[in-house]
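Residues per chain, in single letters:
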Amino acid sequence: MNHVPQNQNRIKTFIGCLLAASFFWLMNVLNTENYSIKLNYPLEIEYDNSSYVPMQPLPRRISVNVSGDGWSLLQKSWLNFNANPVVYKVLNPNEASFINSTTLTDQVTELFPNLHVNYVVADTFELSFEPKIRKIIPIRIDSVGIDIKPGYVISSVINVSPSLISVDGPVSLVKTYPDTIRISVPTPKIQGNYDESLPIPLPVSPLVDVSHRDVFVSFEVAQFLNVPL
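Residues numbered from 1 in each chain as written. Predicted model: local features only at pLDDT ≥ 70, side-chain atom pairs only at ≥ 80, totals over all residues. Heavy atoms only, no water.

**Student:** Help me understand the overall build of the chain, please; the structure alone is not making it clear to me.
**Tutor:** Helix and strand content of the chain: four helices and 14 strands. Out of the 229 residues belonging to the chain, those deemed buried represent 32%. Within the chain, residue pairs in contact and separated by at least 24 positions form 77% of the contacts whose partners lie at least 6 positions apart. Of the roughly 15,000 Å² of accessible surface on the chain, 55% is carried by carbon and sulfur atoms. (Helix = DSSP H or I, 4+ residues; strand = E, 2+ residues; numbered from the N terminus. Buried < 20%, exposed > 50% of the residue type's maximum accessible area, 1.4 Å probe, protein only. Contact = heavy atoms within 4.5 Å. Areas by Shrake-Rupley, 256 points an atom, 1.4 Å probe, with all protein chains shown as cover.)

Structure (C-alpha cells):
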C-alpha cells in the first residue's frame, strides 16, 4: 500500500535532479565564450530628403553575425524585437552608389560594446539618389474644344482652380512633365452654366509628388439671341 507514495517521491526527486542539472548546464553554457549568433536589426538610411530622392527602395534591415559570451548574446536576443535602428548616414548622395560595409560595421559595433561583430549583411548594398527639383506648371483650358450647343455661347470668363500646380521629384522624371497642361472639357452640347472637377492628365509615379490631381472648371453659358437689324 506504500508503494504508490514511494514511487511518487522517486519521480519528484528525479524531476528535481533533472531541473537542477539543466539549470547548472544552462549557467555553464551562458558563461562560456565564443558563441556566435545572427541577429536581425532595422536599418535607417539618413540623407538630405529635402534635396534628394532615392531612385530605388532603400534597405530596411541588416543581419549581424556577432560572437561573445552566452549571457550577452541571450540579452541581445531578448532585446532584438525592440531594437533601435542602426542609422547609416549618406553624406553625399550625389556620389553614393553603395553602402560602405566598413562604415556600417563600425556603426553596428557601437551598439554591441560587449560583443564582437563578425560581419554585417544588408538587404542590398546598392544606393541610387537623384537631386530633387520642383516644377511649376500652368493649367490652361482648351476653350476652342468646348462643345456648346448651337444657339448658346460662353458668356463669362472661364475659371480654373488651381491655375498652377507644382511637381516635386527627381530631376530625370520631373523634366519629362509638360511645361503647360491643357485640360479638355468632355461634356457635349453644353447649354447651361458649367462647374465640374476634372482630372489633370499627368502620369503617376511613386517618386513624384503632384500638388493637385484635379482642377475645378467653371463658366457661364447664355442663349445667343439673333436680333434682326
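Still more ground to cover, so stick around.
**Student:** Would you take a moment to explain the sheet that holds strand β11 (residues 194-199) for this structure?
**Tutor:** Consider a sheet: its strands pair through backbone hydrogen bonds, and that pairing is either parallel or antiparallel. Across the sheet, which stays open at both edges, the three strands sit in the order β8-β13-β11 with antiparallel pairing between neighbours. Strands at the two margins of the open sheet, each flanked by one partner only, are β8 (159-161) and β11. The average angle at which neighbouring strand axes cross in this sheet is 20 degrees, direction not considered. Where β8 lies against strand β13 (residues 214-219), three bridges are found, and the strand directions are antiparallel. Within β13, the position partnered with Asn159 by the bridge is Ser218. (Pairing = 2+ DSSP bridges. Axes fitted to C-alpha atoms, helices over the stretch in contact; angles between N-to-C directions.)

**Student:** Teacher, can you tell me more about unusual backbone geometry here?
**Tutor:** What you tend to see is this: most non-glycine residues have negative phi, and most peptide bonds are trans. The step from Ser161 to Pro162 runs through a cis peptide bond, and the omega angle for that step is 0 degrees. Its location among the elements puts Pro162 in the loop between β8 and β9 (164-170). With a phi close to 50 degrees, Lys189 is a non-glycine residue in the positive phi region. Inspection of the secondary structure puts Lys189 in the loop between β10 (181-183) and β11.

**Student:** For this particular structure, what's the right way to read the pattern of salt bridges?
**Tutor:** Where charged atoms from two side chains of opposite charge approach closely, those side chains can pair. Within the structure shown, the criterion is met by two salt bridges. Close ionic contact of Asp179 with Lys135 constitutes a salt bridge, the shortest N to O distance being 3.0 Å. Of the two residues, Asp179 is situated in the loop between α4 (171-174) and β10 and Lys135 in strand β6 (residues 129-141); the sequence distance between them amounts to 44 residues. (Salt bridge = Lys/Arg side-chain N within 4 Å of Asp/Glu carboxyl O.)

**Student:** Would you explain the environment of Asn193 in this entry?
**Tutor:** Tracing the backbone through its elements, the reader meets Asn193 in the loop between β10 and β11. With 27 residues separating them in the primary sequence, Asn193 and Glu220 have C-alpha atoms 4.4 Å apart. In this view, Asn193 contacts Phe219, Glu220 and Val221; residues no more than four positions away in its chain are not counted. A distance of 2.9 Å separates a polar atom in the side chain of Asn193 from the backbone nitrogen of Val221. (Polar contact = N/O pair within 3.5 Å; in protein donor to acceptor, adjacent residues only side chain to side chain.)

**Student:** Would you mind showing me how to read the side chain of Glu130 here?
**Tutor:** As for its position among the elements, Glu130 is in strand β6. Buried and unpaired, Glu130 has Lys175 as its nearest opposite-charge partner, separated by 8.9 Å. At 3.5 Å, the side chain of Glu130 and the backbone nitrogen of Val171 are in polar contact. When near neighbours in sequence (up to four residues on either side) are disregarded, Glu130 contacts Ser51, Tyr52, Val53, Met55, Pro170, Val171 and Ser172. (Lys, Arg positive; Asp, Glu negative; His and termini not counted.)

**Student:** Just checking my understanding: could you explain the confidence of the model for the chain for this structure?
**Tutor:** When pLDDT is low, close inspection of the predicted coordinates is not appropriate. Put simply, the chain has an average pLDDT of 80, and 74% of its residues get 70 or more. Per-residue pLDDT stays below 50 along residues 20-30; that stretch engages in seven contacts with residues further than four places along the chain or on separate chains. (pLDDT = per-residue confidence, 0-100.)

**Student:** Whenever I open this one, the nonpolar core confuses me. Can you help?
**Tutor:** The nonpolar side chains of a soluble globular protein tend to be buried with one another. In this structure, Ile165, Ile181, Ile183, Ile190, Ile200 and Phe219 are the most contacted members of the largest nonpolar core, which totals 23 residues. Going through the elements one at a time, β6, β9, β10, β11 and β13 are the ones with two or more residues in this core. Among the nonpolar cores identified, the runner-up in size contains 22 residues, and Leu39, Val66, Tyr88 and Val117 belong to it. (Core = buried A, V, L, I, M, F, W, Y, C linked by side-chain atoms within 4.5 Å.)

**Student:** How do you make sense of the packing of aromatic side chains when you look at a structure like this?
**Tutor:** Where two aromatic rings form a pair, the distance of their centres and the angle of their planes describe that pair. With the rule as written, the count across this model stands at two aromatic pairs. Ring centres of Tyr47 and Phe129 lie 5.0 Å apart, and the angle between their planes is 55 degrees; this geometry places the pair in the tilted category. Here Tyr47 is found in the loop between β1 (35-46) and β2 (52-54), whereas its partner Phe129 is found in strand β6, with 82 residues between them in sequence. Here Tyr194 and Phe219 contribute two aromatic rings whose centre-to-centre distance is 5.0 Å and whose plane-to-plane angle is 15 degrees, an arrangement assigned as stacked. (Phe/Tyr/Trp six-rings, centres within 6.5 Å; stacked < 30°, edge-to-face > 60°.)

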